[in-house]
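# What the coordinates show
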Amino acid sequence: MPLVKSIHIHQTPPMTDRPIKNAPDCPFSKRFPSQLIRDDVFFMSLAYNEAINAWKQNEVPIGAIIECNGEVAGKGFNQVESNTDPTAHAEMLAITQASAALKDWRLTDATLYVTKEPCPMCSGASILSRFKRVVFAISDPKMGGFGGAYNVNDYPGMNHTLSIEKGVMEEECKQLIQTFFRLKRDMPN
């Protein structure tokens, strides 16, 4: 499926006027990878940048990018708190964008890049979206749906399974999320 050369991607605006508490200052900088080498590190760097966007909104810093034919088809960062929506995970928002941009719910030529292992909801949505691959940085032993806690991809009878790769930019993404929670614990109430 050819990707339109220029896809307009917009971030979902918060759906609430509820004031968002101040986030701790983010000590991390966005990455600016070379456009010449569009490999896993390139797209995970873009997901990392989305995680920093989440941090600045005082959201759990998780970011997602959907790549299709070497281009970004969708992107997202966690917006659960700002949208008061438990489904506003980075992956879900990116899937919605990519499906709209590609005008198809089947994302068979696409790869999902996410800074933390998808939860069961996002793992299921990834399978239903028919991704060819999911690449994540850090495992989630408590809620990970692709091997951290259990593996939705291995359920018998699934009509689609995907290739899973983990560990791309693991250290950078781990430092980002651990620092966020450490600084939040240290903030005065």
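Above: the structure in question.
Thresholds applied
Residues numbered from 1 in each chain as written. Predicted model: local features only at pLDDT ≥ 70, side-chain atom pairs only at ≥ 80, totals over all residues. Heavy atoms only, no water. Helix = DSSP H or I, 4+ residues; strand = E, 2+ residues; numbered from the N terminus. Contact = heavy atoms within 4.5 Å. Polar contact = N/O pair within 3.5 Å; in protein donor to acceptor, adjacent residues only side chain to side chain. Buried < 20%, exposed > 50% of the residue type's maximum accessible area, 1.4 Å probe, protein only. Pairing = 2+ DSSP bridges. Right-handed = clockwise from strand over helix to strand, strands pointing away. Phe/Tyr/Trp six-rings, centres within 6.5 Å; stacked < 30°, edge-to-face > 60°. Salt bridge = Lys/Arg side-chain N within 4 Å of Asp/Glu carboxyl O. Expected span 1.5 Å × (residues − 1). Arc of directions from axis to C-beta.

## Considerations on the environment of V114
Mapped onto the elements, V114 comes out in strand β3 (residues 110-116). Apart from the residues lying within four places of it in its own chain, the contact partners of V114 are M44, I62, G63, A64, E91, V135, F136 and A137.

## Comments concerning the side chain of H89
Structurally, the position occupied by H89 is in the loop between α2 (80-83) and α3 (90-102). Here P86 takes part through its backbone oxygen, which lies 3.2 Å from a polar atom of the side chain of H89. With residues up to four places along the chain from it excluded, the contact list for H89 reads N78, V80, C119, M121 and C122.

## Focus on the pairing of strand β4 (residues 133-138)
With 5 of 6 residues buried, β4 is to be regarded as a mostly interior element. Examined bridge by bridge, β3 and β4 share 5 bridges and lie parallel to one another. In the sheet register, L112 faces β4, and the bridge partner there is V134. Traced from β3 through helix α4 (residues 120-128) to β4, the parallel crossover comes out right-handed.

## Remarks on the packing of aromatic side chains
All told, the structure shown has 5 aromatic pairs when counted by the stated rule. Residues F28 and W55 carry aromatic rings whose centres are separated by 6.0 Å and whose planes lie at 65° to one another, so their mutual orientation is edge-to-face. With F28 in the segment before α1 (40-56) and W55 in helix α1, this residue pair connects regions lying 27 residues apart in the sequence. Members of the aromatic cluster, each reached through a chain of ring pairs, are F28, W55, F180 and F181.

## A closer look at the pattern of salt bridges
Under the counting rule described, the total for this entry stands at 6 salt bridges. The partner of D140 in a salt bridge is K116, and the shortest N-O contact between them spans 2.7 Å. Separated by 24 residues along the polypeptide, D140 in the loop between β4 and β5 (163-166) and K116 in strand β3 bring together distant segments of the chain. For K116, a relative accessible area of 17% translates into the label buried. Via salt bridges that share partners, D40, R133 and E165 belong to a single interconnected network.

## Examining helix α5 (residues 170-186)
Helix length check: α5 (17 residues) gives 24 Å between terminal C-alpha atoms against 24 Å at 1.5 Å per residue, within 8%. Within α5, the full set of buried residues consists of C173, L176, I177, T179 and F180. The buried residues of α5 occupy an angular sector of 160° when the element is viewed end-on, so they sit on one face. Those residues of α5 that are exposed and aimed more than 90 degrees away from the buried face are R185 and D186. Check the buried side of α5 and you find it contacts α1, β3 and β4.

The values are spatial; any link to function lies outside them.
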